[in-house]
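Listed below are the residues making up each chain.
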Amino acid sequence: MTYLLIAVLLLAIAGVMIFLRKQGVPPHSVQEETNRKVIPLDRHRQLRSKPEEQPCSSCKRKNGKLIFYAQDNGSVVGLCRDCRDKAKKRDMLPL
Ligand SMILES: [Zn+2]
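Bear in mind that the values here come from a model prediction, so they are computed numbers and not experimental data.

Trainee: Could you give me a rundown of the overall build of the protein chain, with the residues and numbers involved?
Mentor: Secondary structure assignment for the protein chain yields three helices and three strands. Along the protein chain, helices (α) and strands (β) appear in the sequence α-α-β-β-α-β when read from the amino end. Sorting the 95 residues of the protein chain into buried and exposed places 7% on the buried side. Counted over contacts in the protein chain with a minimum sequence separation of 6, partners at least 24 positions apart contribute 27%.

Trainee: Describe the nonpolar core, with residues and values.
Mentor: Membership of the largest hydrophobic core is limited to seven residues, which are Cys56, Leu66, Tyr69, Leu79, Cys80, Cys83 and Ala87. Dropping the residues within four chain positions of it, Cys80 is found in contact with Cys56, Cys59, Arg61, Asn63, Gly64 and Leu66.

Trainee: Now, about the pairing of strand β2 (residues 76-79): what can you tell me, with residues and values included?
Mentor: For a regular strand, side-chain orientation follows a simple rule: the groups alternate between the two sheet faces. Bridge analysis of strand β1 (residues 67-70) against β2 gives four bridges, and the strand direction is antiparallel. Directly across from Phe68, in β2, lies its bridge partner Gly78. Taking the residues that link successive antiparallel strands as the turn, the β1-β2 hairpin has five residues, and the phi of Gly74 there is positive, at about 95°.

Trainee: I'd like to hear about helix α1 (residues 2-22), residue by residue, with values.
Mentor: With 21 residues, α1 ought to run about 30 Å at 1.5 Å a step, and its terminal C-alpha atoms sit 30 Å apart, in line with that. Little of α1 sits inside the fold, with zero of its 21 residues counted as buried. Note on α1: the residue one or two positions beyond its end, Gly24, has a positive phi of about 80°.

Trainee: Can you tell me about the sheet that holds β1, naming the residues and giving the values?
Mentor: Spatial ordering of the open sheet is given by β2-β1-β3, a layout of three strands whose pairing is antiparallel. With one partner strand each, in any of the chains shown, β2 and β3 (93-94) form the two edges of the open sheet.

Trainee: An account of unusual backbone geometry is requested, with residue identities and associated values reported.
Mentor: Even without being a glycine, Lys60 presents a positive backbone phi close to 65°. With respect to the helices and strands, the residue Lys60 is situated in the loop between α2 (30-49) and β1. The phi torsion at Asp91 lies on the positive side, around 60°, for a residue other than glycine. Note on placement: Asp91 falls in the loop between α3 (84-89) and β3.

Trainee: Report on the environment of Pro55, specifying residues and quantitative values.
Mentor: If you trace the backbone, Pro55 turns up in the loop between α2 and β1. Here the alpha-carbon distance between Pro55 and Leu66, two residues eleven residues apart in the chain, equals 8.2 Å. With residues up to four places along the chain from it excluded, the contact list for Pro55 reads Lys60, Arg61 and Lys62.

Trainee: Help me get a handle on the environment of Gln71, residues and values and all.
Mentor: Structurally, Gln71 is set in the loop between β1 and β2. Along the sequence, Gln71 and Pro94 sit 23 residues apart, while their C-alpha atoms lie 9.4 Å from each other. For Gln71, the contacting residues outside a window of four places in its chain are Val77 and Met92.

About the thresholds
- Residue indices follow the written sequence of each chain, beginning from 1 at its first position.
- Note on the predicted model: pLDDT of at least 70 is required for a residue's local features to be given, and 80 or more for side-chain atom pairs to be given and counted; whole-chain, interface and lining totals, by contrast, use all residues.
- A run of H or I in DSSP becomes a helix once it reaches four residues, and a run of E becomes a strand once it reaches two; helices and strands are each numbered from the N terminus.
- Remark: C-beta atoms are placed from the backbone, and a residue is labelled buried if 20 or more other C-beta atoms sit within 10 Å of its own, exposed if 12 or fewer do, or partly exposed between those counts.
- Whether two residues are in contact is decided by their C-beta atoms, placed from the backbone, lying within 7 Å.
- Among buried residues, those of type Ala, Val, Leu, Ile, Met, Phe, Trp, Tyr and Cys that are joined through C-beta atoms within 7 Å form a set called a nonpolar core.
- Here a strand pair is declared whenever DSSP counts at least two bridges between the two strands.
- Here the expected span of a helix is defined as 1.5 Å times the quantity of residues minus one.

Nothing here speaks to function; it is geometry throughout.
This is the structure:
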């Protein structure tokens, strides 16, 4: 009797799942777009959380705390104290 109940329950769940799929999620759903935006932000947060372990993007030395700048193409670079002047000369924006 219990098995029958479980079987009916599973069928009901399967039915609901099929029903939800038939509702149709368009290929370019809002959720997908949000996910795409979230991923770079998470990466950026990881960069910021451990600045002492990151080598400088310019001179590749692990030179203590890095300051992060946004480049013209939208990428983020972490620069050490020595390279900060170069960033200022290139009008890069600190984050
Ligand atoms: Zn540097």
